[in-house]
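A closer look at the structure
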Amino acid sequence: MALVSSNDILIPAREKGYAVGAFNTSNMEISQAIFEAASELRSPVMVATSESAITYAGFDNLLGTVKHLSEYYGVPAALHLDHGKDLEIAVKCLRHGWTSLMIDASKLDYEQNIAATAEVVRIAHYVGVPVEAELGKLAGVEDMVSVDEREATLTDPDQAADFIERTGCDSLAVAIGTSHGAYKFKGEPRLELDRLSEIAGKVTIPLVLHGASSVPKDVLDRAARFGANLPGAKGVPEEALKQAIERGIAKINIDTDLRLAFTGGVRQVLMESPEVFDPRKIVGEARKAIKEVVKKKIQIFGSEGKA
Ligand code: G3H
Ligand code: 13P
Ligand code: ZN
């Protein structure tokens, strides 16, 4: 089927209390793995492309592959710009046929974030494309110096309602204690779930959780067994993700876990079979590993059978 918009996928998720995975891609094998998993489990899916992924692979390459896979597998899929920084990249994605945008102006102050987001929303809505925005900042482990400082990075529930009203955004990424990458927590993982409930009580649009990779032990161990050096890597526990979904999260962003799975697959082939030099044997193993990770996410998020 043709690519659908993120509203088509996320509004039912928020209404019915499950979440849809937004999986980052930057090449053919990752895209194939995402679609194979979604197709086997009959799940809607969001395929996310960061600006650097677009620079790496090119608009047409990403669009062509994702469009083809969506038609071939027949699962509802949206092609999404992840963390678009300004109007220029947003318009380029619209022009190429992306069916979902994120404008991330969360580093700006509140009024500037509203202005930048509202501008992208106005233009994207002319062509029926929904926009995700971000309020609050996803701080990394090293950034949290004091309790007050941490508090200041989190999404304010009252501001969230005002922000949505004034920007017209279709979904909202919230900061509740997650961060990007493989090092999310120094000590015990902690999400601000009560704050999430408060936000969800004030706004009805789908809420988005970035930085949601779990750094699964089996995936990390495989990569480490074959030479990856990632001491202390720690992600969001799967149980916490389930609780976040119960409290209103309808889209969950995953990139790091796919990267770890890719790395483990490639490392194992190269270390165990030094005679191999066929790229398909090397990257094919990464594709298999990513597919398994995506399938597990779909099951945890509750989107299985929702396509
Ligand atoms: O949120 C960030 C994503 O993991 C994309 O990262 O800019 O390295 O492609 P990237
Ligand atoms: P992770 O680094 O936890 O996979 O988060 C990905 C993300 O938020 C992409 O926007
Ligand atoms: Zn993100």
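Notes on the structure in this doc start here. (Residues numbered from 1 in each chain as written. Chains lettered and ligands numbered in written order. Predicted model: local features only at pLDDT ≥ 70, side-chain atom pairs only at ≥ 80, totals over all residues. Heavy atoms only, no water.)

Turning to the coordination of the zinc ion (ligand 3), a few remarks are in order. Around the zinc ion (ligand 3), the protein contributes the donor atoms His83 (NE2), His180 (NE2) and His210 (ND1), at 2.0 to 2.1 Å from the metal centre. Counting the intervening residues between successive donors of the zinc ion (ligand 3) yields the motif H-x96-H-x29-H. A residue pair is termed long-range when its members are at least 10 positions apart, and His83 in the loop between strand S3 (77-82) and helix H5 (87-96) and His180 in the loop between strand S6 (171-174) and helix H9 (193-202) qualify at 97 residues. Note on His83: relative accessible area 21%, which makes it partly exposed. (Donors = N, O, S within 2.8 Å, 3.2 Å for Na, K, Ca; no water. Helix = DSSP H or I, 4+ residues; strand = E, 2+ residues; numbered from the N terminus. Buried < 20%, exposed > 50% of the residue type's maximum accessible area, 1.4 Å probe, protein only.)

Turning next to helix H8 (residues 157-167). Taken together, the buried positions of H8 are occupied by Pro157, Ala160, Phe163, Ile164 and Thr167. Projected onto a plane normal to the axis of H8, the buried residues spread over an arc of 110° and lie on a single side. Contacts made by the buried residues of H8 are with helix H6 (110-126), strand S5 (131-135), S6 and H9. Measuring from the side-chain oxygen of the N-cap residue of H8 to the backbone nitrogen of Asp158 gives 2.8 Å; that N-cap residue is Asp156. Following H8 by one or two positions, Gly168 has its phi on the positive side, about 75°. (Arc of directions from axis to C-beta. Contact = heavy atoms within 4.5 Å. Polar contact = N/O pair within 3.5 Å; in protein donor to acceptor, adjacent residues only side chain to side chain.)

All right, on to helix H12 (residues 256-272) then. For an α-helix, 3.6 residues make a turn, and residues three or four places apart therefore share a direction. Between the first and last C-alpha of H12 there are 24 Å, a value that for 17 residues agrees with the 24 Å anticipated at 1.5 Å per step. Along H12, the residues that are buried comprise Thr256, Asp257, Leu258, Leu260, Ala261, Gly264, Gly265, Val266, Gln268 and Val269. Turning to H12, the residues buried within the fold contact strand S1 (20-24), helix H2 (28-40), helix H10 (217-225), strand S8 (249-254) and helix H13 (279-301). (Expected span 1.5 Å × (residues − 1).)

Let us look at the site of ligand 2. Near ligand 2 there are 14 residues, and of these Asp82, Lys184, Ser213, Asp255 and Thr256 occur at the shortest range. One of the side-chain N or O atoms of His83 is found 3.2 Å from an oxygen atom in ligand 2. Take Ala212: an N or O atom from its main chain is 3.2 Å from an oxygen atom of ligand 2. Contact with the protein chains covers 96% of the free accessible surface of ligand 2, which is 310 Å². Here the shell around ligand 2 is built from residues that sort into two nonpolar, nine polar and three charged. (Near = heavy atom within 4 Å. Areas by Shrake-Rupley, 256 points an atom, 1.4 Å probe, with all protein chains shown as cover. Nonpolar A, V, L, I, M, F, W, Y, C, P; charged D, E, K, R; others polar.)

Axis separation between H8 and H9 bottoms out at 8 Å; the angle between their running directions is 35°. Of the two elements, H8 crosses H9, and the hand of that crossing is right-handed. Within the contact between the two elements, H8 uses Pro157, Asp158, Ala160 and Ala161 and H9 uses Arg195, Glu198, Ile199 and Lys202. A breakdown of the residues in the contact of H8 with H9 according to their chemical character gives four nonpolar, no polar and four charged. (Axes fitted to C-alpha atoms, helices over the stretch in contact; angles between N-to-C directions. Left-handed = near helix turned anticlockwise from the far one by under 90°.)

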